[in-house]
Amino acid sequence: MAEIPITSQTRTTLTALTRARELINASSKRITTGLRISDPLDGVSAFFDAQELSTRTINLIETKERLTNAAVITGGTIASLDEIISLLNTAKSLVTAAKGGAVSGAESTTSTGNVVSSAGADVTDTISGAVDGDSFKVTHNGTSTIITNSAGSTFTSLAAQISAISGLSASVSDGSALVITAADGNDINIIDETNNLATDLGLSSSTNGTVATNTTRSSAETQFDLIRTKITSLVGAASFLGTNLISSSPDDLVVALNENHGDDLTVSGVATSSSALNLTAVDALGSFATDDGIETTIAEIDAALTTVNNTRSAINTDDSIIASRLDFVDGLTDLIDDGVQKLTGTD
């Protein structure tokens, strides 16, 4: 086939047309993708710089997700602690208001033993099977005392040991039974310690008394115990994204603050249930029958408030660090995205 001769001018024209087509195609690609540089051929340095920055952005987004989850956990915990603080303040108000009211209706609790012929007789010599050193434990109002049949102990001296216990009295006389009395109506608990001294004496635990009270005090006891239960329930429900920082067995939260996990923040959990706060139940014990009992509970509430406020302060500090880091990551991500746009985007 014969070659068609092309003049220099024609060749120049064809080259220009080819270049024009390439420019049109490049412009069309930029319009479609929104990118001035979409592969290394468009600009090696800018392409790979933008690629590195884009990888950094992906890592920052993962960091932001971790920080956001951590903020949910700390923020939710702080809200739960605020509610607990409110409940404790409510409890303190109602308990304080119960002070000073007159009480009535107390009926003594008694534990009656066997009749003894002679109150002054030696216990070991009188009771079959009894030996020196036998003992039993008496518990009243939370205080336990060991009563011991020492060498030479008489029924009268045993009664004296019991009468030395705060809130209790004991009496015995010839031909009468050994009787232990709790005038406040609270229970008397008796358990053998060494051998069977209490059993040999015919003594056993007794709950036959009635604690003096009034409507306000009784109601305060009930309401306080309800608040104790609510605090424990609230603590158990304070789980966010599977993490509970204030449960009876609290979790710790470890938060990676940057992309390479080189800077971790540990948010320490603190047990905040009613038991962990040493808040003692009162209703069953009739603890508010006396102002001293009420003062004991107020002291427990004050100590619990100090603990919960300290816990809130510590977690709030960690929450502020997380929030600050979130703001930093947001700003850095925007800055990098802007850099990528300047490197590869259309004008």
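Everything discussed here concerns the structure shown above.
Heads up: these notes are all about the structure in this document.

Conventions adopted
Residues numbered from 1 in each chain as written. Predicted model: local features only at pLDDT ≥ 70, side-chain atom pairs only at ≥ 80, totals over all residues. Heavy atoms only, no water. Buried < 20%, exposed > 50% of the residue type's maximum accessible area, 1.4 Å probe, protein only. Helix = DSSP H or I, 4+ residues; strand = E, 2+ residues; numbered from the N terminus. Arc of directions from axis to C-beta. Pairing = 2+ DSSP bridges. Axes fitted to C-alpha atoms, helices over the stretch in contact; angles between N-to-C directions. Contact = heavy atoms within 4.5 Å. Salt bridge = Lys/Arg side-chain N within 4 Å of Asp/Glu carboxyl O.

The next subject is helix 4 (residues 155–163). Among the residues of helix 4, those classed as buried are F155, L158, A159 and I162. The buried residues of helix 4 all sit within an arc of 100° when viewed along its axis, so they share a single face.

This brings us to the sheet that holds strand 2 (residues 135–140). The strand order 3-2-6 describes an open sheet built from three strands, whose pairing is antiparallel. The sheet is open, and its two edges are formed by strand 3 (143–148) and strand 6 (189–194), each paired on a single side. Each strand of the sheet is rotated relative to its neighbour by a mean of 25°, with strand direction disregarded. The sheet contact formed by strand 2 and strand 6 spans five bridges and is antiparallel. Counterpart to K137 in the pairing with strand 6 is I191. Its contacts with the sheet put helix 4 on strand 2 and strand 3, and the angle it makes with strand 3 is roughly 165°.

Attention now moves to the sheet that holds strand 4 (residues 168–171). Spatially, three strands are ordered 1-5-4 in an open sheet, and the strand pairing comes out antiparallel. Of all strands in the sheet, those with a lone pairing partner are strand 1 (109–116) and strand 4, marking the two edges. Neighbouring strand axes in the sheet, compared pairwise and without regard to direction, differ in orientation by 10° on average. Note: strand 1 against strand 5 (residues 176–182), six bridges, orientation antiparallel. Considered in strand 5, the bridge of T110 is made with T181. Sheet strands in contact with helix 4 are strand 1, strand 4 and strand 5, and its direction is about 170° off that of strand 4.

Our focus in this paragraph is the pattern of salt bridges. Opposite charge on two side chains allows them to pair when their charged atoms are near. Under the defined criterion, the tally for this structure stands at four salt bridges. A salt bridge links D82 to R312, with the shortest nitrogen-to-oxygen separation between them at 2.4 Å. Of this pair, D82 sits in helix 2 (residues 44–97) while R312 sits in helix 7 (residues 291–344); the two residues are 230 residues apart in sequence, bridging distant segments of the chain. Between D291 and R217 there is a salt bridge; the shortest N-O distance is 2.7 Å. Placement of D291 in helix 7 and of R217 in helix 6 (residues 215–237) is noted, with a sequence separation of 74 residues between them. By relative accessible area, which is 30% here, D291 ends up partly exposed. Exposure remark for R217: the relative accessible area of 3% places this residue in the buried category.

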